[in-house]
Amino acid sequence: MPGHFITFEGGEGAGKSTQIARLKVYLESLGQSVLVTREPGGSPGAEKIRALLLSGEVRDLGPRGEAMLFAAARADHVDTTIKPALEQGQWVLCDRYADSTRVYQGEAGVDTDYLKLLETAAVAGVRPELTILIDIPAEIGLKRVASRAQTDDSGGPDRFEGEALKVHERRRRLFIELARQEAFRFAVVDGTKDPEYVATAIRKAISDRFADELNIADEQQPAAREGAH
Ligand code: TYD
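Worth saying up front: this structure is predicted, and the values here are computed from it rather than measured.

Basis of the calculations
- Residues numbered from 1 in each chain as written.
- Predicted model: local features only at pLDDT ≥ 70, side-chain atom pairs only at ≥ 80, totals over all residues.
- Heavy atoms only, no water.
- Near = heavy atom within 4 Å.
- Polar contact = N/O pair within 3.5 Å; in protein donor to acceptor, adjacent residues only side chain to side chain.
- 1 Å grid on protein atoms, 1.4 Å probe; cavity = no way out; pocket = protein on both sides within 12 Å on 5 of 7 lines; lining within 4 Å.
- Sits in = over half its atoms within 2 Å of the grid points.
- Helix = DSSP H or I, 4+ residues; strand = E, 2+ residues; numbered from the N terminus.
- Nonpolar A, V, L, I, M, F, W, Y, C, P; charged D, E, K, R; others polar.
- Salt bridge = Lys/Arg side-chain N within 4 Å of Asp/Glu carboxyl O.
- Buried < 20%, exposed > 50% of the residue type's maximum accessible area, 1.4 Å probe, protein only.
- Axes fitted to C-alpha atoms, helices over the stretch in contact; angles between N-to-C directions.
- Parallel < 35°, antiparallel > 145°, perpendicular 65-115°, else oblique.
- Left-handed = near helix turned anticlockwise from the far one by under 90°.
- Contact = heavy atoms within 4.5 Å.
- Points joined across faces, edges and corners; volume = space filled by probe spheres on them.
- Pairing = 2+ DSSP bridges.

Colleague: Can you explain the site of the ligand? Please cite residues and give values.
Modeller: The full set close to the ligand counts 16 residues, and Glu12, Lys16, Arg96, Thr101 and Gln105 are the nearest of them. In the environment of the ligand, an oxygen atom lies 2.7 Å from a nitrogen or oxygen atom belonging to the side chain of Arg96. For the ligand, a nitrogen atom lies 2.8 Å from a polar atom in the side chain of Gln105. Taken atom by atom, the bulk of the ligand overlaps the largest pocket. Looking at the shell around the ligand, the elements with two or more residues in it are helix H2 (44-55), helix H3 (62-87) and helix H4 (98-107). Ranked by residue count, the leading element in the shell around the ligand is H4, at four residues. A breakdown of the residues in the shell around the ligand according to their chemical character gives five nonpolar, three polar and eight charged.

Put into structure tokens, the structure is as follows:
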């Protein structure tokens, strides 16, 4: 497909949405067309499932049932939002994707093979070329979420934010392990640093991978230019 699919992953309060917004501005400044989307959600059908999942209303289904709902939302999101945008040549920046299911529902005890089957069915071959993992200790991320909740009217932690610190820390370790296993598509960025630093690190990951098509090779890679002589 002519477009590019980039996903963002990380624990609560990692700063994904801020960084996605910044990357969108950067790519647009290079003349690219960008679609920002998120999971669960990102399409009218999937947003309905999101509301059920995050309210905790379907918690009784258990982790296996919840995993199925995340997959159902993803299938609709892929079919109606992500795939059409990629076919049109857009850059799709997605806040969470299949790795979140592997980590969150995996941590909750859902069998890995079952999750793989669901993932294969849901993504229908649409996999990210690059996944930015914004890594942050759970304690710091949760503090950020708590202070954000005081300044907006988001109504307290959602179904997944409200879990114990050790659960968040286990998810963090699972993300890092996944990034190690699939290093070919992951870039891990230190989310404890200031937003400017994180944004620069993300742009570097983008230019490492897409320099040619973004026409930024000379600007971003002086070492490579010197090596060419
Ligand atoms: P959201 O408000 O989008 O959180 P965040 O800002 O941290 O991305 O809520 C999404 C929540 O759903 C988040 O806690 C992670 C969880 N989640 C899963 O458990 N499985 C999934 O497959 C996805 C996409 C999200």
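Colleague: Can you tell me about the pattern of salt bridges, naming the residues and giving the values?
Modeller: Within the structure shown, the criterion is met by 19 salt bridges. Across the pair Glu196 and Arg22 runs a salt bridge whose closest N-O atoms are separated by 2.7 Å. Taken as a pair, Glu196 in helix H8 (residues 195-214) and Arg22 in helix H1 (residues 16-29) lie far apart in primary sequence, 174 residues in all. Look at Glu196 and you get partly exposed, because its relative accessible area is 43%. When the shortest N-O distance is used, the salt bridge between Arg102 and Glu182 registers 3.1 Å. Of this pair, Arg102 sits in helix H4 while Glu182 sits in the loop between helix H7 (165-181) and strand S5 (186-190), and the two are 80 residues apart along the sequence. Ionic contacts of the salt-bridge type, sharing partners, join the residues Asp99, Arg102, Glu119, Arg127, Glu182 and Arg185 into one network.

Colleague: Describe the packing of H3 against helix H5 (residues 112-123), and please don't skip the residues or the numbers.
Modeller: As a packed pair, H3 and H5 sit with axes 8 Å apart at the nearest point and diverge in direction by 20°. Between H3 and H5, the interaxial angle falls into the category roughly parallel. H5 is crossed by H3, and the crossing has right-handed handedness. Along the contact surface, H3 presents Arg64, Ala67, Met68, Ala71, Arg74, Ala75 and Val78, while H5 presents Tyr114, Leu115, Leu118, Ala122 and Val123. Taken together, the residues of the contact of H3 with H5 break down into ten nonpolar, no polar and two charged.

Colleague: Give me the layout of surface pockets: which residues, what numbers.
Modeller: What the largest pocket holds in volume is close to 730 Å³. Lining the largest pocket are 31 residues, and of these Glu12, Arg50, Arg96, Asp158 and Glu161 sit closest to its centre. Looking at the lining of the largest pocket, the elements that each hand over two or more residues are H1, H2, H3, H4 and helix H6 (138-151). Looking at the lining of the largest pocket element by element, the count peaks at four residues for H4. Breaking the lining of the second largest pocket down by element, the ones donating at least two residues are H3, H4, H5 and H7. When residues in the lining of the second largest pocket are grouped by element, the largest group, seven residues, is from H5. Grouping the constituent residues of the lining of the second largest pocket by class yields nine nonpolar, five polar and eight charged.

Colleague: Can you tell me about the sheet that holds strand S4 (residues 130-135), naming the residues and giving the values?
Modeller: Ordered in space as S2-S3-S1-S4-S5, the five strands form an open sheet in which the pairing is parallel. Every other strand in the sheet has two partners, leaving strand S2 (34-38) and S5 as the edge strands with one partner each. Sheet twist, expressed as the average angle between the axes of neighbouring strands with direction ignored, equals 20°. Bridge analysis of S2 against strand S3 (residues 91-95) gives five bridges, and the strand direction is parallel. Bridge pairing in S3 places Val34 opposite Trp91.

Colleague: Explain empty space enclosed by the protein to me, and be specific about the residues and the numbers.
Modeller: A water-sized probe, rolled over the atoms, reveals where empty space remains. Counted by the stated rule, this structure contains two cavities of 30 Å³ or more. In this structure, the largest cavity spans a volume of roughly 120 Å³. Every element with two or more residues in the lining of the largest cavity is listed here: S4, H6 and H7. Sort the elements by how many residues they give to the lining of the largest cavity and H7 lands first, with four residues. The residue inventory of the lining of the largest cavity, partitioned by class, reads eight nonpolar, four polar and four charged. Of the volumes computed, that of the second largest cavity is approximately 30 Å³. Those elements that provide at least two residues to the lining of the second largest cavity are H1 and H8.

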